[in-house]
Amino acid sequence: MADNSTLMSDTGRSLLADSSILDSKITESSKENLFRGSASDDEEEMPQIETRVVLPKEAAKCEELLKALEEIKVPYIKTDSVEEYKNSDSPEFETIFVIADFQDPIFNDLHKADCRVLGPPIVLHCARKGEPLPFSCRPLYCASMLNLVLCFTGFRKKEELVKLVTLAHHMGGIIRRDFNSKVTHLVANSTQGGKFRAAVSLGTPIMKADWIYKAWEKRNDIDFCAAAEEFRKEFKVPPFQDCMLSFLGFSDEEKKSMEEMTEMQGGQHLPVGDERCTHLIVEENTVKDLPFEPSQNLYVVKQEWFWGSIQMDAKAGESMYLFEKLDSPELKTSVSQLSLSTPNSNRKKRRLRETLAQLTREADMSPFPPRKRPSAEHSLSMGSLLDISNTPESGITNGETPKSCAKPSKNSTPFLPKQSARWQVAKELYQTESNYVDILTTIIQVFQVPLEKEGQLGGPILAPEEIKTIFGSIPDILDVHTKIKEDLEDLMINWTESESIGDVILKYSKDLLKTYPPFVNFFEMSKEMITKCEKQKPRFHAFLKINQAKPECGRQSLAELLIRPVQRLPSVALLLNDIKKHTAEDNPDKATLERAIESLKEVMTHINEDKRKTEAQRQIFDVVYEVDGCPANLLSSHRSLIQRLETVALGDDLCDRGEQVTLFLFNDCLEIARKRHKVIGGFKSPHGHTRPPACLKHIILMPLSQIKKVLDIRETEECHKAFALVVRPPTEQSNLLFSFQITTEEPPKENWLKMLCRHVANTICKADAEDLIYATDPDSIEVSTKDVDSTLSRASRAIKKTSKKVTRAFSFSKTPKRALRRALMAHSSVEGRTFFPASENYLGGRVASTSSLAGIHSPSLINLPSVFEKRSHTLSRSTTHLI
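Just so you know, these numbers come straight off a predicted model, no measurement behind them.

Details of the overall build of the protein chain
- For the protein chain, the helix and strand inventory stands at 27 helices and 25 strands.
- Looking at the 883 residues of the protein chain, the share that counts as buried comes to 46%.
- The long-range share in the protein chain, meaning contacts at least 24 apart out of those at least 6 apart in sequence, stands at 69%.
- For the protein chain, the computed accessible surface area is about 45,600 Å², with 50% contributed by carbon and sulfur atoms.

Here it is, written out as structure tokens:
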């Protein structure tokens, strides 16, 4: 079918429905019900008229269309000329014309004659849905915009608007002149005007004109819907379309970041003072006056407008974010309070002293903020006089109130100061607890509640699982500490020296043990999630910028606020120690405080233990992802990673000699992996997190109980930093020897061997781990590190690999048939520390075939013989004696 063009009837009749832009002469009995099934009940009283379809030219040749008409049982007529049917006014038939191309001259003739015209896609759509053909006085080609209600704004050219409206009608769209809540999409050519502002406030998608054009290009795709999110988001009007932004008062790094964000959001940036600039973004905390007089067409706004527009995914209204210059009445008030050189300086000095005195009393005596005079309101919000530790609860933004935040303070006046040192420290405990509750409340009210709120403009900022990862058990921690604060408040109001502070902590020790470990253990994951989302999601970055600038956050980032729970319990323990120091020996609270301190230590120990286990599990997961083919049963709740060691293989038993081998020592097993020759692509989880590709290849997962001896190979000129393991798999009749050379400085070989033996001894319940280590000469077991990484050795390995590939290609046997070349004495009960050669009559037996081993039950973690049947290797030297 031909490309689209301006679709306008020759009579000049308007194709805009329900629009005041052009006068409409079309009268519809029903504007929103396209199908006959939605007609009024009066239709039943009308005489039945049979529907017939006329298929001219190309439409008559479409087999799929003919089949669809047969399915919905509508008779059709094939014809080359529509003249005899165009002006037919038969009372027996309702004629519908199906035109394959709405730019064909036939279409214009039928449209002039007010004939019902449909396109093939709408017929196929009705056949698929099992619905009758739609009744529409306008030509209807497809259902791409069926049930979509569109409104237009900012279009100055009549021809362009007519073309867009016509295409929308052809795709089943409904047009509205005025914007209201029923409008599903606003098509905008400008970011100005009331319709645009109303769409932003209601969260209605604002689309470019290209959205309609591209949808029309897909008109023949029956499954296509113009409202699909993946298609629609490509044509959304970006927040800074038609905006020229300049930035004043920001650091070079911040300015560069904001300029990049401007380009990403559809805007352009210009130097400060450029006449083409439409918006000047000002850092209100550093800029007090503008370097030039702005023009009337220039919006001078705070940076909150910039970040708010990105967060909403639409340009915010400028009136709420206008920057107030230095000569504004509001700033004059605040500046006059800090200016001490005016004629009325005495009165203003006194007012300043009163304000500072209020702050002093608030910090020293009472956690309840004093009521400030309106005149002092601005001066207190300008500087850094209010720290986050003194954040008033009244400064928290409106939102859903947690159950722990709903209760007001029981005391509305400061309690009288006491003179004892015990009371002073107890007061400090209460004040810090009150401040801590305020911080947790700020985290929930300012950050968590808005992120979880339904119906956010522009859609959800974060996914639910991301919000859960960031905030964790913060609400539960807040509930516990709100109760502790209330109990401490009652205690301070009714203070006596015999009041038991320790009982308050003991009362909630179990709750602390329940709520803190889940948060503290995953705190690092929470920070990583914040960093990742801030980089990948501009709306979340804008959300943080807006909220972190609020006074209740004390200029601290979300990550800095979230670290407070990690720090709280240790600080409480220190304060309890101070209270105990100032508590008399005969005071009953002395022993209670000791138990309270021990309970906090128990909580912190439990947290550290859980954190250690969590880190251990994460390390195991890292090993699983790093090693390709790693057995899944490596993951176990009782298992932890002890040490990682980089080595080079000194024999042909596990892999080729000279290959890089990594040993992962766990508390009960040893994972052996070699370096991959070809690195596969990265792993992508269902949540979209991409991991680096596995760089190692699994060889063996060996239980430590199978290690019978650990050989410490003496240092010689031809052998350095080498050791070997004597291993006996449960299905083997003889011992196997695996030899390695350590390639790193850390850990030292002696420390590594002792560590390995200690965990082997723990696994087999043996008291003396030193009995497992044996010293030996390299010659006695034919081990050498000479030329392991030489050019000749690497070439030899390459030739060997090529030879193996050729051998496998022409081999009909899956089991290697080479004889075992080495043997080690099978009886490990004989004591000794040095290996000496004995008789040379010992020969190793053949390795069992794959088929015979398949039926053998092995208690090991994996089927080790499946590896050994390829790489099985015993000592070829004579049976040796351990002396």
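This is not the end of the story, as more comes after the structure.
Topic: unusual backbone geometry
- Residue Glu746 is joined to Pro747 through a cis peptide bond whose omega torsion reads -5 degrees.
- One non-glycine residue, Asp313, lies in positive phi territory at about 65 degrees.
- Mapped onto the secondary structure, Asp313 falls in the loop between α10 (303-312) and α11 (329-338).
- Owing to a relative accessible area of 25%, Asp313 belongs among the partly exposed residues under this scheme.
- One non-glycine residue, Glu782, lies in positive phi territory at about 55 degrees.
- Along the chain, the position of Glu782 falls in the loop between β23 (773-776) and α25 (791-809).
- For Glu782, a relative accessible area of 40% corresponds to the partly exposed category.

Looking at the packing of helix α19 (residues 523-536) against helix α20 (residues 538-548)
- Between α19 and α20, whose axes approach to 5 Å, the crossing angle comes to 115 degrees. As summarised for this structure, α19 and α20 are arranged roughly perpendicular, according to the angle between their axes. Along this stretch, α19 crosses α20, giving a crossing that reads as left-handed. Contacts between α19 and α20 involve Ile530, Cys533, Glu534 and Gln536 from the first element and Pro538, Phe540, His541 and Leu544 from the second.
- Grouping the constituent residues of the contact of α19 with α20 by class yields 5 nonpolar, 2 polar and 1 charged.

What about the confidence of the model for the protein chain?
- Averaged over every residue, the pLDDT of the protein chain is 74; the share at 70 or more is 69%.
- Here residues 328-345 is modelled with pLDDT under 50, and outside its nearest four sequence neighbours on either side it reaches 24 contacts, counting other chains as well.
- Low pLDDT (under 50) marks residues 683-690, which in the prediction has 9 contacts with non-local residues, meaning those over four places away or in another chain.

A look at the side chain of Asp652
- Structurally, the position occupied by Asp652 is in the loop between β14 (641-649) and β15 (660-666).
- A distance of 3.1 Å separates the side chain of Asp652 from the backbone nitrogen of Arg657, its partner in a polar contact.

Observations concerning the nonpolar core
- If you look at the biggest cluster of nonpolar residues, it comprises 61 residues, and the most contacted ones within it are Ile501, Phe540 and Leu576.
- The leading source of residues in this core is helix α14 (residues 421-452), at 15 residues.
- Excluding residues that lie within four positions of it along the chain, Phe540 makes contacts with Leu451, Ile461, Leu462, Ile470, Ile530, Cys533 and Glu534.

Some words on the environment of Thr278
- Tracing the backbone through its elements, the reader meets Thr278 in the loop between β10 (268-269) and β11 (279-282).
- We classify Thr278 as partly exposed; its relative accessible area is 21%.
- When the C-alpha atoms of Thr278 and Ser295 are compared, they prove to be 9.6 Å apart, with 17 residues separating the residues in sequence.
- Ignoring anything within four residues of it in the chain, the contact list for Thr278 reads Asp242, Cys243, Met244, Asn297, Leu298 and Tyr299.
- Within polar-contact distance, the side chain of Thr278 engages the side chain of His279 at 2.9 Å.

Here we look at the packing of α14 against helix α22 (residues 564-581)
- Between α14 and α22, whose axes approach to 9 Å, the crossing angle comes to 170 degrees. By the angle class used here, α14 and α22 are roughly antiparallel. Residues Arg422, Val425, Ala426, Glu428, Leu429, Thr432, Glu433, Tyr436, Ile439 and Leu440 of α14 pack against Arg564, Pro565, Arg568, Val572, Leu575, Leu576, Asp578 and Ile579 of α22.
- Of the residues assigned to the contact of α14 with α22, the class counts are 11 nonpolar, 1 polar and 6 charged.

With respect to the pairing of strand β20 (residues 707-713)
- Of all 7 residues that make up β20, 5 are buried, and the element is covered over most of its length.
- Relative to strand β21 (residues 722-727), β20 is paired through 5 bridges, and the arrangement is antiparallel. When the sheet's bridge partners are listed, Asp712 is paired in β21 with Phe723.
- Pairing geometry for β20 and β23, over 4 bridges, is parallel. Considered in β23, the bridge of Ile713 is made with Thr776.

Re the sheet that holds β20
- Spatially, β13-β19-β16-β15-β14-β22-β21-β20-β23 is the arrangement adopted by the 9 strands of the open sheet, whose pairing is mixed. If you trace the sheet from one side to the other, it starts and ends with β13 (627-628) and β23, each paired once.
- Packed on one face of the sheet, helix α24 (residues 749-763) meets β14, β15, β20, β21, β22 (736-742) and β23 and runs near 170 degrees to β20.

A word on the environment of Ile212
- Along the chain, the position of Ile212 falls in helix α7 (residues 210-217).
- The exposure class of Ile212 is buried, given its relative accessible area of 0%.
- In the structure, Ile212 is positioned 44 residues away from Ala168 in sequence and 6.8 Å away in space, judged by C-alpha atoms.
- In this view, Ile212 contacts Met145, Leu150, Phe152, Leu164, Leu167, Ala168, Met171 and Val187; residues no more than four positions away in its chain are not counted.

Here we look at the sheet that holds β10
- The 4 strands are arranged β10-β9-β11-β12 in an open sheet whose pairing can be described as parallel. Only two strands of the sheet have a single neighbouring strand rather than two, namely β10 and β12 (299-302).
- Seen against the sheet, α10 touches β9 (244-248), β11 and β12 and runs at an angle of roughly 80 degrees to β12.

Section: the pattern of salt bridges
- Counting across every chain of the model gives 26 salt bridges.
- For Glu318, the salt bridge goes to Lys315, with nearest N and O atoms at 3.6 Å.
- Between Asp487 and Lys507 there is a salt bridge; the shortest N-O distance is 3.3 Å. Here the residue Asp487 occupies a position in helix α16 (residues 474-493), and Lys507 occupies one in helix α17 (residues 501-507), the gap between them amounting to 20 residues.
- Residue Lys507 is classed as exposed on the basis of its relative accessible area of 55%.
- Overlapping salt bridges, with partners in common, bring together Arg422, Glu497 and Asp589 in one network.

Here we look at the packing of aromatic side chains
- Tallied over the entire structure, the rule returns 16 aromatic pairs.
- Every member of this aromatic cluster is reached through a ring pair, and the members are Phe240, Phe247, Phe250, Trp305, Phe306 and Trp307.

Things to note about helix α5 (residues 158-170)
- Across its 13 residues, α5 extends 18 Å between first and last C-alpha, which sits within 8% of the 18 Å expected from 1.5 Å per residue.
- Counting buried residues along α5, 10 of its 13 residues qualify, which places the element largely inside the surrounding structure.
- Where α5 is concerned, the buried positions are Leu161, Val162, Lys163, Leu164, Val165, Thr166, Leu167, Ala168, His169 and His170.
- Looking at the buried side of α5, the elements it contacts are α3 (105-112), β5 (149-153), β6 (174-176) and α7.
- Gly172 occupies a position one or two residues after α5 and carries a positive phi of about 95 degrees.

Basis of the calculations
- Residues numbered from 1 in each chain as written.
- Predicted model: local features only at pLDDT ≥ 70, side-chain atom pairs only at ≥ 80, totals over all residues.
- Heavy atoms only, no water.
- Helix = DSSP H or I, 4+ residues; strand = E, 2+ residues; numbered from the N terminus.
- Buried < 20%, exposed > 50% of the residue type's maximum accessible area, 1.4 Å probe, protein only.
- Contact = heavy atoms within 4.5 Å.
- Areas by Shrake-Rupley, 256 points an atom, 1.4 Å probe, with all protein chains shown as cover.
- Axes fitted to C-alpha atoms, helices over the stretch in contact; angles between N-to-C directions.
- Parallel < 35°, antiparallel > 145°, perpendicular 65-115°, else oblique.
- Left-handed = near helix turned anticlockwise from the far one by under 90°.
- Nonpolar A, V, L, I, M, F, W, Y, C, P; charged D, E, K, R; others polar.
- pLDDT = per-residue confidence, 0-100.
- Polar contact = N/O pair within 3.5 Å; in protein donor to acceptor, adjacent residues only side chain to side chain.
- Core = buried A, V, L, I, M, F, W, Y, C linked by side-chain atoms within 4.5 Å.
- Pairing = 2+ DSSP bridges.
- Salt bridge = Lys/Arg side-chain N within 4 Å of Asp/Glu carboxyl O.
- Phe/Tyr/Trp six-rings, centres within 6.5 Å; stacked < 30°, edge-to-face > 60°.
- Expected span 1.5 Å × (residues − 1).

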